[in-house]
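Residue-level listing of the chains:
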Amino acid sequence: MKITKFFALAAFAAFSSSSVAQAADPFVVGIIAPTTGPLTTVGVRQLSAVQWWEKTTNAAGGIAGRQIQVVHCNDEGSPEKSVACVRDLIAKGSVILLNASVTGPIRAAMPLVQNGPVMVTPSPNVVPSANSYVFQTSPSDVDLTMAIAIYLKASKVDHLAMLAATDASGEVGVASAATVFPAQGIKYELARIDLRANDASIQLANTVKPEVKAVYSNYSGGGAAAVVKSYSNLGLTQPLIVSYANVSDAFINVIKNDMPKRLLGSGLKAVAPQMLDDASRRKHVEDFMASYKEMTKDNVDMLTLLGLTLADTADAVLKNVKNPSDPAAVRTYLETTPIPSVQMLHWSKDRHVGMTADDISILEYKSGKWVKADPVQ
Amino acid sequence: MNPLTQSLISGTMSGAVYALLAIGIVLAFHTSRVVNLAHGESFAIGGLVAAVLADAGMPVYVYAPAAICASILFLLTVERFLLRPRRTWPVGSLILVTLAAAFLTRGVLQLTMGVDPLSFPRMFVGAPFRIAGGVLPPQGLVLIVVGLAAAVAVTLFLLFTPLGHKLRAVAENPDTAELLGVNVDRARSLAFGIAGGLGGLSAVLLVPLVSVDYQAGLGMTLRGFIAAALGGMAPSMAILAGLALGLSEALVTNYAGALAQDPIVFLALIGVAVWQSRKIVFGGTGRA
Amino acid sequence: MSKVLPGIIVTIILGILLFLAWEGWIAGLTPSTFCATAFPALALIGLNLIFGVVGMLAFGQAAFMALPAYFAGIMDRMGVPLLLALPLALVLVVLLARFMAEILVRLPGVYLAVGTLGFGMVVEGLARAFPAWTGGASGLVFEHGRDLGTAAWCLIALIALSLGIASYAWYVRGAVWRRLRAIRHDELAASVLGIDVHREKAKIFTIGSAYSAVGGLLLFYYVGVLIPEDAGVVRSLEQIGTLLLGGAGFLAGPIIGAFLIDWFFVISGYAARYELLIYGATFLGVVMYAPQGVSGLLIRPWQRLLGKQSATAEATEQAPRAPIASMSDGDDVSSCLVLRDVSQAFGGVHALSNVSFEVKSGEVFSLVGPNGAGKTTLFNIVSGILRPTSGRVLLRGVDITGLPVNRRAALIGRSFQTPRLVPELSVLANVMLRADQIFPRLSEAERRTIALDQLKIFALEGLSYQTVGEVGLGQRKLIDIARAAVGHPPLVLLDEPAVGLADGELSHLSQMIGKLSAQGCAVVIVEHNIEFVSNVASRGLVLDSGKPIAQGALRDIMAQATVKAVYFGALS
C-alpha cells in the first residue's frame, strides 16, 4: 500500500505542473516515433524533421499568434505501447497526430482514431481506408514497386532478383511484387532474408541467375548493409536497387568501402531537388535542406523528407482550418485541398494516399550525390 | 555460383563468430558461475569504437587494437566493479546485474555513438576467393581462420594449462580454490578480460562485412549464449556448437528459405537440449 | 496468513489504483494505462510462479501470451464464433503448455533456458512464416475488443488481476510453498523427502503458462494488434527484468514490477534520448542495491515482523495431538534392510562389487571405509538415487530396487553429509517438508504438530522458528537427522552425521540415534569417526574400493589386520 501511495504522490508532485495550461494555448501536435528499439533510425529521423518545423515556426512567431507544441511519445515499435501513446497524446490535447512508427504499431493505432483526431503517417506499408481519419503522405509500397517496374521495362529488363526481409516491410514488399511485376511482364526470383543475418550471399547465390539483369533489395533495416556488402563480395555486376529508406548519407557511410558497380534507389524526386518540375517545391526542399543542415549539422535523407511531409501537413492544417480541433473539418480540408510539401500531396474522398508512382524516381548514387538513374545497360 | 557451397562458406563465417562469442560466455561462466548477459556489448563496443576511430582517420593498426582494448576494458570493469563486490550473491541476481549493465551500456552507446549503423573498411582487401562455385572474401577467410584459431587457443588454454585449470576450479568452488593458492580475483579478471578480447576481436573481424549499431549487443549475447548452452557450457564443445549453429542456420536458409530458419533451427535446438540432458536426473544444486 | 486475506488486500489496492486512474489524479496513470498494465501483470504472475517461486529459467513465456491470441485469431478466420474461440484457444494453449512442460522441465538450469528460448523463437518464426493464418509480420488485427468501452475493459482488468492474485495467494502457501522452495533449492533433497519433482515442476509450468495465456489473450484483444515479436525472446527477457524489478518470488512482485515499468515508460517520454540510459541506470541501481526487487526492499521488514507474530500465534494454537502413524509398527519383520550382491559400475570403474549385508529393525549398523570406498554410492543405491548395475535391495522383504526415489520416502529417511535444508525456511518448515509428503492427508496444523513433536523428541524445539540460515552447522546436521526420522520410517540412513559436530553435539547425536533404534528403526550410519561409531553401532561393514572386506560385530572387525591395513596403510 505504502509504495504505490508514495510513488503516486511523488509523481503527482513532480509532474502535475506539466498539465497546467499556458497563457495563449499552444497547438498541441502529438507525434509517435520509436526512438529506442530496432527501428530507431526511422523514428529518430522523422521526429527530427518535425522538431525542426516546431523550432523554426515558433521562432517566426508561431501560427496565428499561437506557438506549436510537439509532444513526442516513444512507442518502441510495439503495438502495445503505440496504443498507450495514442491515448496519452489524445489526452494531452493533440489536435493532430503524426505517426512515424512502423506497420504493426500503426495498425494498432488506427482504430483508436476512428472518431478522430486526424492521424498522418508516411509509411508506404499502410494504406488507410478512405473513410477513416488516417492519411498517408508517401506513395504506397505498390506505387514504389510500380515505379521500379516502369524503370525496368523502359530498360527492357524482364528478369529481376529480389531480396526481402522477414519483417513487415519485407512482407508488404513481397505482396506488392506479386501484384505488380507479373502484370508488367517481369519475372522475379525471390529470396527472404532474416533480420539477424550477417550476410546475404546465400540469398544472392540462389536468386541472381545469369539471366537476371537487376537486383532489388527491399530490405530497409540496418542489415541492408549486409546485402550490399555480400553483393560486392560476390562480384556481381548487375545494378542493385535499394529501398526507399536506404537513400541516405548514413547508409552510404556504412557501405562506402563496398560500393557496388551501380547503386540505385527508389525515392521521392525531392531527394534530388533538381528533378522536381515545380519550382516552388524545389525551393521548399532546398530551403529545408539548408536550414536543417544548419540547425542539426546533418544532411537530409529520405526519412527526413518523409518527416517533413508530416510537418507540412500539420502546418497546412493549423494555418488553414478554422477549427483544427474538429476532426471532420480537418478531414474534409485534407481531402479537398492539395497540400504543398516536398511534393504536392493529393488526397481525396476515395484515396487517402498522398502521392503516386509518378512522384517517385529511380535514383542512382554517382560521385557522392543521388541523381536520376540511367537505364540498365 | 553454387548456392550450397555459398551456404557452407557463409555458415562457417557465422559459425566462427558464434564460436568466439560462445567461448567468451563459457569463460565467464566457468570462473564466476554467472551467464554474462552483457557479453555481446563487448562486441558492440569494439565495433563502434573501431568505426568511430576509423572515421576519424586513424589507421587500422591503431583502431583495431584500440577497439579490442575497449572491449577488454569493458568486461574488466563489469567484473571488477559490478560482480566482484557481490561475489556472495545468488547467481540469479548476478545474472540480473549483467543484464542491467547491458541496458546501461546500450544507453551510453546510443548517446555517444548515435543511432545509425556504422562500419569500417576491411583490413584484408583484394579479390574474393572463388571456391567450388562459392565466394569467400579475404576478410571472411581471416575471420574464419583467426576466429577459430583464437577460439581453439583459448579452449586449449582452459583445458590443458595449469592456469586454465585454475580458472575452471574457481567457479566450482572458489573457497577451496583460494585455499589451494589460486588468486580468485585475478583469475576472474583474466577470464573476463580474455572474453572481452574475444568479443572485440569478433567485432573487428566481422563488422567490416556488415555493420554495427548501439543495439548489436543483445543479438550477439543471445547467439553466443545459445551456442554455449548447446555445447553444455563446456569449453571443449563451444567451438563445435558455434560452428554447428552457424552452418545449420545457413543450410536451412538455403534449402527452406529464411522464414523457415527460425522454426527449424530452434526446434532442432530444443531437441538437442533434450538429448543432452537425457542422462541428468536432478537439476538444481543436487549432487549426491 | 489466511487464504483470502492477501487477495482481498490486493483487490482493494487495485481498486484504489483504478479509481485514481479514472479520476486522473496521478500523472501518467490513466484508465487505459491501468488496463494496459493489468493484463501483462496477470501474465507476470505466471512467470513469478515458474521463475520466482520454483526458480525455473523460463525464457519463453511471452510465447504463451501470444499463442492463445493467435489461436483465437485463426479460429476467428475459420468462422468459429468468438464466445467459443476464446475458451477453446485457452484450453489449447494449456494443453500445449502441459506437453511442453513434459519435455522441458526435465532439463536442468541452462538447458531449460535454451529450450524455452527456442520455443519462443519457434513460435515467433512460425507466426512470420504463415502470414495467411497469423497476419505475419504486419500483425494480426483483433477487432472485437474495440466493441467494449474503456469502462468495461477496466472492470475486466480489475477482476482478472484480482482473481489472478487471489488464486495465486490461495495456492502458493503452506505445504505448496515449502515444497516449491525445496525444489528450487535442491531437487535431489526434495526427491529424497518424497517430492515428485518432475511432476511438481510440470504442474507449475502448466499453471504458470495458464496465467500467461489468460493475461496475453486479454492484452492482445485489448490492444487490438499482435505482431510476431510479441511472442519472441526480447519480450520474454523484458518480462523477466520487470519481474525481477518488482521482486521475484513475492506475491506483489508482478504487480509492482508491471506498474512501475509502465509508469516509468510513460514518465520517461520526457527524457527523449536519455530514456534508455535512465532506464539502464535505474535498473542497475535497483539490481545492485535491492537484489530482491522493490518487493524485497519493502516487504521483508514487514514479513519479519509478521513472521514473528504468526510464529507465536502458531505456537499457541496447536491442534490436539494427531495420531502419528508409525511405519515401523504393525508386522514386526525383524529383518529390515537386505542388500544382495549389489554392484555398481560407472563405465569401467567398479564403485561397488558384490556387497551384501542385512540390517535388522532396531539395529544400528555402520558402514566404514576410507574415502572413495563407495559408501555414499551405496547410500545412493539404497535411497534410489542410483540404480545398481546388478543386485537387489530389499526393505522388509519387499524388493525396492526399481522404486523411484520419491516413492521410498515413507520407508527411508536420509540425512546428508552437508545438511540439505532450505535456508530461507524456518527450521520447523523444513521438518514439515517431510511431514507434508508422508502425511499428505493430514491438515497443516496436524503436520505442524508432528514436526514440533519430532523436534521436541530430539530436544531441538527451541530452534523451531528460526530460519535455517541463522542456525549453526552442528545444529543443522541434527535438524537434518531429526527430519529424516519424521514418521518413523523403518530405515534411517545417516551420512557422516558426526562430522562437524562439537563434543556436546556428539553426545546429543548419540542419544538421538539411541532413540531412533529404540523406536524400532533400522539405522545405517556412514562414519569416519570410529570412536563415535563404536559407541552407537553394534555391527558394521568395511568397504575398500567398493569391495566388502569385513563384516560383523564392530569390535571384531576393527581388530582385523586387513581392516587396520586399509585404514593405516604403511603405518601398521
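Residues numbered from 1 in each chain as written. Chains lettered and ligands numbered in written order. Predicted model: local features only at pLDDT ≥ 70, side-chain atom pairs only at ≥ 80, totals over all residues.

## Re the overall build of chain A
Working step 1: Secondary structure summary: chain A contains twelve helices and twelve strands in total.
Working step 2: In summary, chain A has a C-alpha radius of gyration of 21 Å against a globular reference of 21 Å for 377 residues, a match within 12%.
Working step 3: Once the C-alpha set of chain A is aligned to its principal axes, its extents read approximately 65 × 55 × 40 Å.
Working step 4: Residues classed as buried in chain A amount to 58% of the 377 residues present.
Working step 5: For chain A, the share of sequence-separated contacts (at least 6 apart) that also reach a separation of at least 24 residues comes to 69%. (Helix = DSSP H or I, 4+ residues; strand = E, 2+ residues; numbered from the N terminus. Rg over C-alpha atoms; globule rule 2.2 N^0.38 Å. Buried ≥ 20, exposed ≤ 12 C-beta atoms within 10 Å, placed from the backbone. Contact = placed C-beta atoms within 7 Å.)

## Considerations on the overall build of chain C
Working step 1: When its secondary structure is counted, chain C shows 22 helices and twelve strands.
Working step 2: Considering only C-alpha atoms, chain C reaches an extent of 85 × 55 × 50 Å along its principal axes.
Working step 3: Across chain C, contacts joining residues at least 24 apart in sequence account for 75% of those joining residues at least 6 apart.

## Quick look at the packing of helix H11 (residues 233-246) of chain C against helix H12 (residues 253-267) of chain C
All names here are of chain C.
Working step 1: Orientation of H11 relative to H12, taken along the N-to-C sense of each, is 110 degrees, at an axis distance of 7 Å. The angle between H11 and H12 falls in the class roughly perpendicular. Once H11 is placed against H12, the crossing between them reads as right-handed. Facing Thr242, Leu243, Leu245 and Gly246 of H11, the residues of H12 in contact are Gly253, Pro254, Ile255, Ile256, Gly257, Ala258, Leu260 and Ile261.
Working step 2: In terms of residue class, the contact of H11 with H12 is built from eight nonpolar, four polar and no charged. (Axes fitted to C-alpha atoms, helices over the stretch in contact; angles between N-to-C directions. Parallel < 35°, antiparallel > 145°, perpendicular 65-115°, else oblique. Left-handed = near helix turned anticlockwise from the far one by under 90°. Nonpolar A, V, L, I, M, F, W, Y, C, P; charged D, E, K, R; others polar.)

## Digging into the interface of chain A and chain C
Working step 1: Contacts between the two partners involve 33 residues from chain A and, on the opposite side, 34 residues from chain C.
Working step 2: Those elements giving two or more residues to the side of chain A that touches chain C turn out to be helix H1 (2-15), strand S2 (68-73), helix H3 (79-91), helix H4 (103-109) and helix H6 (168-180) of chain A.
Working step 3: With eight residues, H3(A) is the largest single contributor of residues to the side of chain A that touches chain C.
Working step 4: Residue composition of the side of chain A that touches chain C, grouped by class: 15 nonpolar, eleven polar and seven charged.

## So, the pairing of strand S6 (residues 159-165) of chain A
Residue and element names in this part refer to chain A.
Working step 1: Extensive coverage of S6 is indicated by the burial of six of its seven residues.
Working step 2: In this structure, S6 lies alongside strand S7 (residues 187-193), joined through seven bridges in parallel fashion. Within S7, the residue paired with Leu160 across the bridge is Tyr188.
Working step 3: For the handedness criterion, the β-α-β arrangement of S6, H6 and S7 is classed as right-handed.
Working step 4: Here S6 runs beside strand S8 (residues 214-217); their pairing, made up of four bridges, is parallel. Following the sheet pairing, Leu160 is matched in S8 by Ala214. (Pairing = 2+ DSSP bridges. Right-handed = clockwise from strand over helix to strand, strands pointing away.)

## A word on unusual backbone geometry
Working step 1: For the bond running from Gly116(A) to Pro117(A), omega is 0 degrees, close enough to zero to count as cis.
Working step 2: By the element assignment, Pro117(A) lies in the loop between H4 and strand S4 (118-121).
Working step 3: The phi dihedral of Arg396(C) falls on the positive side, at around 50 degrees, and the residue is not glycine.
Working step 4: Given 20 C-beta atoms within 10 Å, Arg396(C) falls into the buried group.

## Topic: the interface of chain C and chain B
Working step 1: Taken together, the contact between chain C and chain B spans 44 residues of the former and 37 residues of the latter.
Working step 2: Counting residues per element, the ones that place at least two in the side of chain C that touches chain B are helix H5 (109-129), helix H8 (175-185), helix H9 (187-192), H11, helix H13 (275-289) and helix H15 (375-383) of chain C.
Working step 3: Top element by residues in the side of chain C that touches chain B is H5(C). It accounts for 15 residues.
Working step 4: Tallied by class, the residues present in the side of chain C that touches chain B amount to 27 nonpolar, ten polar and seven charged.

## Considerations on the nonpolar core
Across soluble globular proteins, you tend to see nonpolar side chains buried next to one another.
Working step 1: If you look at the biggest cluster of nonpolar residues, it comprises 434 residues, and the most contacted ones within it are Ala19(B), Ala22(B), Ala50(B), Ala227(B), Val431(C) and Val523(C).
Working step 2: If sequence neighbours within four positions are ignored, Ala19(B) has contacts with Gly147(B), Leu148(B), Ala151(B), Ala227(B), Ala238(B), Ile239(B), Gly242(B) and Leu243(B). (Core = buried A, V, L, I, M, F, W, Y, C linked by C-beta atoms within 7 Å.)

## What to know about the sheet that holds strand S1 (residues 27-32) of chain A
All names here are of chain A.
Working step 1: Across the sheet, five strands lie side by side as S2-S1-S3-S4-S5; this open sheet has parallel pairing. The open sheet has two edge strands, S2 and strand S5 (134-136), and neither has a second partner. Neighbour to neighbour, the strand axes of the sheet diverge by 25 degrees on average, direction disregarded.
Working step 2: Here strand S3 (residues 96-99) runs beside S4; their pairing, made up of three bridges, is parallel. From the neighbouring strand, Ile96 faces S4, where its bridge partner is Val118.
Working step 3: The strands touched by helix H2 (residues 40-59) are S1, S2 and S3; relative to S2, the strand with the most contacts, the crossing angle is about 160 degrees.

## Remarks on the domain arrangement of chain C
Residue and element names in this part refer to chain C.
Working step 1: Split into domains, chain C comes out as domain 1 (5-308) and domain 2 (335-571).
Working step 2: Computed over C-alpha atoms only, the centres of domain 1 and domain 2 are separated by 43 Å.
Working step 3: Every contact between the two is made by 16 residues of domain 1 and, on the other side, 19 residues of domain 2.
Working step 4: Breaking the side of domain 1 that touches domain 2 down by element, the ones donating at least two residues are H8 and H9.
Working step 5: When residues of the side of domain 1 that touches domain 2 are assigned to their parent elements, the largest contribution, six residues, is made by H8. (Domains from an automatic or database assignment.)

## Some details on the confidence of the model for chain C
Residue and element names in this part refer to chain C.
Working step 1: Across chain C, the average pLDDT comes to 85, with 91% of residues at 70 or higher.
Working step 2: Note on residues 308-331: pLDDT under 50 across the span, and 25 contacts to partners over four residues away in sequence or across chains.
Working step 3: Our summary of model confidence lists the complex with pTM equal to 0.88 and ipTM equal to 0.86. (pLDDT = per-residue confidence, 0-100.)

## Let's talk about the sheet that holds S7(A)
Residue and element names in this part refer to chain A.
Working step 1: If you walk across this open sheet you meet the seven strands as S7-S6-S8-S9-S10-S11-S12, and the pairing is mixed. The outermost strands of the open sheet, each flanked by one partner alone, are S7 and strand S12 (369-372). When strand polarity is set aside, the average angle formed by the axes of neighbouring strands in this sheet is 30 degrees.
Working step 2: As judged from the five bridges shared by strand S10 (residues 263-268) and strand S11 (residues 360-366), these two strands associate in the antiparallel manner.

## Quick notes on the pairing of strand S12 (residues 547-553) of chain C
All names here are of chain C.
Working step 1: Looking at chain direction, strand S11 (residues 539-544) and S12 are connected through six bridges and run antiparallel. Directly across from Arg539, in S12, lies its bridge partner Ala553.
Working step 2: Adjacent in sequence and paired antiparallel, S11 and S12 are bridged by two residues, among which Ser545 carries a positive phi angle near 50 degrees.

## Some words on the environment of Asp249(A)
All names here are of chain A.
Working step 1: Tracing the backbone shows Asp249 in helix H9 (residues 249-255).
Working step 2: Here the alpha-carbon distance between Asp249 and Gly368, two residues 119 residues apart in the chain, equals 9.2 Å.
Working step 3: When sequence neighbours within four positions are dropped, the list of residues in contact with Asp249 reads Asn299 and Asp301.

## What about the environment of Tyr214(B)?
All names here are of chain B.
Working step 1: Tracing the backbone through its elements, the reader meets Tyr214 in the loop between helix H8 (184-206) and helix H9 (216-230).
Working step 2: Residue class for Tyr214 comes out buried when judged on the 26 C-beta atoms lying within 10 Å of it.
Working step 3: Remark: the alpha-carbon pair of Tyr214 and Thr112, spanning 102 residues in sequence, is separated by 9.4 Å.

## Concerning the packing of helix H11 (residues 258-276) of chain B against H5(C)
Working step 1: Between H11(B) and H5(C), the least distance of the axes is 8 Å, while the angle of their chain directions is 160 degrees. Considered as vectors, H11(B) and H5(C) are oriented roughly antiparallel to each other. Considering only the axes of H11(B) and H5(C), their crossing is left-handed. Here Leu259(B), Ala260(B), Asp262(B), Pro263(B), Phe266(B), Leu267(B), Leu269(B), Ile270(B), Ala273(B) and Gln276(B) of H11(B) come into contact with H5(C), specifically with Tyr111(C), Val114(C), Gly115(C), Gly118(C), Phe119(C), Met121(C), Val122(C), Glu124(C), Gly125(C), Leu126(C), Arg128(C) and Ala129(C).
Working step 2: Here the contact of H11(B) with H5(C) is composed, by residue class, of 15 nonpolar, four polar and three charged.

## Considerations on H8(B)
Working step 1: Compared with an ideal rise of 1.5 Å per residue, which puts 23 residues at 33 Å, H8(B) spans 33 Å between its outermost C-alpha atoms and is within 8% of the ideal.
Working step 2: Here H8(B) lies mainly inside the structure; 18 of its 23 residues are buried. (Expected span 1.5 Å × (residues − 1).)

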